[in-house]
Amino acid sequence: MKNEYVPFPSKIKEVIKHTNLEYTFRMEFNGEVKPGQFFEISIPKYGEAPISVSGIGDGLVDFTIRRVGKVTDEVFENYVGDTLLIRGPYGNGFDIENFKGKEVVIIGGGTGVSPMRGVIQHFAANPKDAVSTTLIAGFKSPEDVLFKADFEEWAKTINVIKTVDAAPEGYEGPVGMVTKYIPDLKFENPKNAVFICVGPPIMIKFTIQEIKKLGIEDEQIWTSYERKMCCGIGKCGHCKMDDKYVCLDGPVFNYTEAKELFD
Amino acid sequence: MGYQLAKDKMESIFKKLQETHDIYAPVVKKGDGTFSEVDVVRYDKVTSLDEIEWNKKSDYSFKEALLSINETLFYFTEDETTVPKGPTKDLLIFLRACDMHALKRLDQIYLDNKFGDFYYQRVRARAKFCLMGCSKSCESGYCVSMGTNKADNYDLYLKLDGDKAFVDAKNEDFVTVFEGETKQDVTPDYVTENKEKVTIPKNLSKATKDNPIWEEYGSRCIGCGRCNFVCPTCTCFTMQDIFYKDNPKVGERRRVWASCQIDGYSEIAGGFEFRKKQADRMRFKVMHKHYDFEKRFGYSMCVGCGRCDDVCPEYISHAAILNRLAKEEG
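Small disclaimer: the values here were computed from a predicted structure and weren't measured.

Moving on: the overall build of chain A. Across its full length, chain A holds six helices and 14 strands. In terms of overall size, chain A behaves like a compact globule, its C-alpha atoms giving a radius of gyration of 18 Å where 263 residues would be expected to give roughly 18 Å. Summarising its shape, the C-alpha atoms of chain A cover approximately 50 × 45 × 30 Å along the three principal directions. The buried share among the 263 residues of chain A stands at 51%. A sequence separation of at least 24 residues applies to 68% of the contacts in chain A between residues at least 6 apart.

With that out of the way, let us pick up the pairing of strand E4 (residues 47-57) of chain A. Side-chain positions along a regular strand alternate between the two faces of the sheet. Residue and element names in this part refer to chain A. In terms of residue burial, E4 counts as a mostly covered element, since eight of its 11 residues are buried. Note that strand E3 (residues 38-43) and E4 share six bridges and pair antiparallel. Paired with Ser42 across the strands is Glu48, a residue of E4. Between E3 and E4, which pair antiparallel and follow one another directly, the connecting turn spans three residues, one of which, Lys45, has a positive phi of 95 degrees. Sheet topology places E4 next to strand E5 (residues 60-66); four bridges connect them, and they run antiparallel. What sits directly across from Val53, in E5, is Phe63.

On to the interface of chain A and chain B, then. Across the contact, 32 residues belong to chain A and 37 residues belong to chain B. With three residues, E4 of chain A is the single largest residue contributor to the side of chain A that touches chain B. Residue composition of the side of chain A that touches chain B, by class: 13 nonpolar, eight polar and 11 charged.

The strands making up a sheet are joined through hydrogen bonds of the backbone, oriented either antiparallel or parallel. All names here are of chain A. Taking strand neighbours across the sheet as the criterion, the six strands line up as E9-E8-E7-E10-E11-E14 in an open arrangement whose pairing is mixed. Two strands bound the open sheet, and with one partner strand each, they are strand E9 (159-164) and strand E14 (252-254). Geometrically, the sheet is characterised by an average inter-axis angle of 15 degrees between neighbouring strands, direction not taken into account. Sitting on the sheet, helix H2 (residues 113-125) is in contact with strand E7 (103-109), strand E8 (132-139), strand E10 (193-198) and strand E11 (221-224), with an inclination near 150 degrees to E7. The strands touched by helix H4 (residues 201-213) within the sheet are E7, E10 and E11, with E10 carrying the most contacts at an inclination of about 165 degrees.

Turning to the sheet that holds strand E6 (residues 83-90) of chain A, a few remarks are in order. All names here are of chain A. Pairing is antiparallel in the closed barrel, where six strands are placed in the order E1-E2-E5-E4-E3-E6. Each strand axis lies, on average, 45 degrees off the axis of its neighbour in the sheet, ignoring direction. Bridging between strand E1 (residues 8-17) and E6 involves four bridges; their strand directions are antiparallel. Across the sheet, Pro9 pairs through a bridge with Leu85, a residue of E6.

As a further point, take the UniProt feature "binding site: [2Fe-2S] cluster" (unreviewed entry) in chain A. Residues and elements named next belong to chain A. Within this structure's numbering, the places UniProt gives as "binding site: [2Fe-2S] cluster" (unreviewed entry) are Cys231, Cys236, Cys239 and Cys247. Across 17 residues in sequence, these annotated residues keep their C-alpha atoms within 10.2 Å of one another, forming a single compact spot. You can call Cys239 buried: it has 28 C-beta atoms within 10 Å. Apart from the residues within four sequence positions on either side, Cys239 is in contact with Arg227, Lys228, Met229, Tyr245, Val246 and Cys247. With respect to the helices and strands, the residue Cys247 is situated in helix H5 (residues 246-249). Apart from residues no more than four positions distant in its own chain, Cys247 is found in contact with Tyr90, Gly91, Met229, Gly232, Ile233, Gly234 and Cys239.

General note: in soluble globular proteins, nonpolar side chains tend to be found buried as a group. In terms of nonpolar packing, the biggest core is built from 152 residues, with Phe195 of chain A together with Ile93, Cys130 and Leu131 of chain B touching the most fellow members. Looking at this core, the element that brings in the most residues is helix H3 (residues 97-111) of chain B, giving eight residues. Lining this core are residues from two domains, each supplying at least three of them: domain 1 (8-90) and domain 2 (96-258) of chain A. Setting aside residues up to four positions removed in sequence, Ile93 of chain B forms contacts with Tyr24, Phe62, Ala65, Ala127, Phe129 and Cys130 of chain B.

Frequently, the measure chosen for interface size is the accessible area that the parts lose on association. Residue and element names in this part refer to chain A. You can read the domains of chain A as domain 1 (8-90) and domain 2 (96-258). A separation of 21 Å is found between the C-alpha centroids of domain 1 and domain 2. Listed per partner, the contact involves 17 residues of domain 1 and 20 residues of domain 2. Counting only elements with at least two residues in the side of domain 1 that touches domain 2, the list comes to E3, E4, E5 and E6. The element that contributes the greatest number of residues to the side of domain 1 that touches domain 2 is E4, accounting for six residues. Of the residues belonging to the side of domain 1 that touches domain 2, the class tally is six nonpolar, eight polar and three charged.

A separate point is the environment of Pro168 of chain A. Residue and element names in this part refer to chain A. Along the chain, Pro168 falls in the loop between E9 and E10. The class of Pro168 is exposed, set by 9 C-beta atoms lying within 10 Å. In the structure, Pro168 is positioned 57 residues away from Tyr225 in sequence and 32 Å away in space, judged by C-alpha atoms.

Further remarks concern unusual backbone geometry. Residue and element names in this part refer to chain A. Cis geometry marks the peptide bond from Gly88 to Pro89, where omega comes out at 0 degrees. Looking at the secondary structure, you find Pro89 in strand E6. Here Gly250 and Pro251 are connected by a cis peptide whose omega angle stands at 5 degrees. Topologically, Pro251 is positioned in the loop between H5 and E14. At Asp242, a position not held by glycine, the phi torsion is positive, near 50 degrees. Its location among the elements puts Asp242 in the loop between strand E12 (240-241) and strand E13 (244-245).

How two helices pack is summed up by the angle between their axes together with the distance between the axes. Residues and elements named next belong to chain B. Interaxial distance between helix H7 (residues 213-220) and helix H9 (residues 278-297) falls to 7 Å at its minimum, and their mutual angle equals 110 degrees. Put simply, H7 runs roughly perpendicular to H9. For the pair H7 and H9, the sense of crossing is right-handed. Residue-level inspection shows Trp214, Glu215, Tyr217 and Gly218 of H7 in contact with H9, the latter providing Gln278, Ala279, Asp280, Met282 and Arg283. Within the contact of H7 with H9, the residues separate by chemical class into four nonpolar, two polar and three charged.

Conventions adopted
- Each chain carries its own residue numbering, running from 1 in the written order of its sequence.
- All chains are assigned letters beginning at A, and all ligands numbers beginning at 1, according to the order in which they are written.
- Predicted model: local features are reported for residues with pLDDT of at least 70 only, side-chain atom pairs are reported and counted for 80 or more only, and whole-chain, interface and lining totals are derived from all residues.
- The numbering of helices and of strands both runs from the N terminus, where a helix is a DSSP run of H or I of at least 4 residues and a strand a run of E of at least 2.
- Radius of gyration means the value over C-alpha atoms here, while the globule rule gives 2.2 Å times the residue count to the 0.38 power.
- Working definition of burial: number of other C-beta atoms within 10 Å of the residue's own, with buried at 20 or more, exposed at 12 or fewer, and partly exposed in between, all C-beta atoms being placed from the backbone.
- By definition, residues are in contact whenever their C-beta atoms, placed on the basis of the backbone, come within 7 Å of each other.
- By definition, two strands form a pair when at least two bridges between them are found by DSSP.
- In the scheme used here, Gly and all other residues not listed as nonpolar or charged are polar, with Ala, Val, Leu, Ile, Met, Phe, Trp, Tyr, Cys and Pro taken as nonpolar and Asp, Glu, Lys and Arg as charged.
- Interaxial angle, 0 to 180 degrees, is taken between N-to-C directions of lines fitted to C-alpha atoms, where a helix line uses only the stretch in contact.
- UniProt positions are given in the numbering used here, feature names are shortened, and annotations may be inferred rather than shown by experiment.
- Working definition: the nonpolar core is a set of buried Ala, Val, Leu, Ile, Met, Phe, Trp, Tyr and Cys residues, joined through C-beta atoms within 7 Å.
- Residue ranges assigned to each domain were obtained from an automatic or database domain assignment.
- Each angle receives one of four descriptions, namely roughly parallel if under 35 degrees, roughly antiparallel if over 145, roughly perpendicular if within 65 to 115, and oblique otherwise.
- In this scheme the handedness of a crossing depends on how the near helix is turned from the far one: anticlockwise by less than a right angle means left-handed, clockwise means right-handed.

See below:
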């Protein structure tokens, strides 16, 4: 039996600094991986943290890490020219096939954009795979915006609304919560729309309320849940919601399933 | 195959078995209980039949023999990791019918919830189980209500009665050990009635989480987590990294038993906690034991051993909660 708990070393190829709190680590990885899946990233002495894949390249995976806990703090301090111990990928991830040929709306809050970045990249690179693609991304302030260079690139092929909750006077971009932009969405055929929505629990709640006002059915909505995960393989129990293990059965859920789950 | 033999002969067989087995059984730990001069019955390695506590139910379950409270997963030396060696002998674990049923639950999570667990699997593969019958019910158990009062998937059954021993050997390894002893049909003792009777709530659902019962019990619970640690079916753990003081480059990653009743269990990086209130944690535990585990795997998780009721410092009774839920939720 394979020992899933033992991590393997992975070289850090590049570090992209988005903000003081959020960096993307481009790491060496050869193997199958889907957007929305996650890895357990280790720093000996500090522990492990589940981090979702924010980009997939040839022999590479990206992890966009927010400095919020003791493991991630340590990743920030000790990355230079180094390796990290990782294991994974775990979880189901997003299935691009579910979104092809649809009117795709992707709504992300903060680091919630990370797990969806692979999906956004797919439709930005292959805009004809969808009838239309709209990205609504919300960040706390202009300083908190992630993937700045990506947004410019994506805007060339898909509709992009990059908004901030609040901004200093003179800021020229859109200001307001992501929910502000949902009522204005127009569809050729609302029945063919599909929504992907990832962010903090409170943002998901209000975003889905707005989406439902457009007459969208539950099965047209997808989300990804963030929970504590010590093992990633359905053993440690921390991520269980109802009869689902978020690490095994998620983190990506169709809303028909997600709405029934409770902590 | 059943046998009757003299206890002395059984004792010498017991000694011989130790050449190839580490034997774990409930033993009385004098004065090691929660309060001063109070004993506790826990699992430990034994070398003689007389060390085994045959009458009292163990306060902690047999799971300690399979899963340590903290278990080293691997050692770090800078970038290298080394996995500690597994058991060198087979294990023979003495347990009762309720715990034999709990074993099925441990196997479910550790061997059959999509991934297998390397550490559990390697000890489980070498573990054999000796059933201790129950000639009378313990005070707090409700195994009859849970249908866990009888077990027949044991490797060995052993009963001592005065200077006689009665054995039923199912595992081939043990059949040869008893060759030449007087054959006799031996059926394990089991209880058919408990003092504690539980009506299993059959209609639990998502709506059950709104029952005011959780606030009521939550206000009594102090979140000590003892119910989880004595439970033979609780399997949760948390990762913990340890570094040695004399050489900070060397250390180990451990997993330690976790409790869903204790702060931090559902807390994610950044500090958000999905279940902050004791009431929610109590509901999470009870619903897992009697609702969502069954929804996922097809049978109830709780085996009705009653240990959580025995250990609770606030006298919260899991059995009473179930009876109230059965009444209120149907």
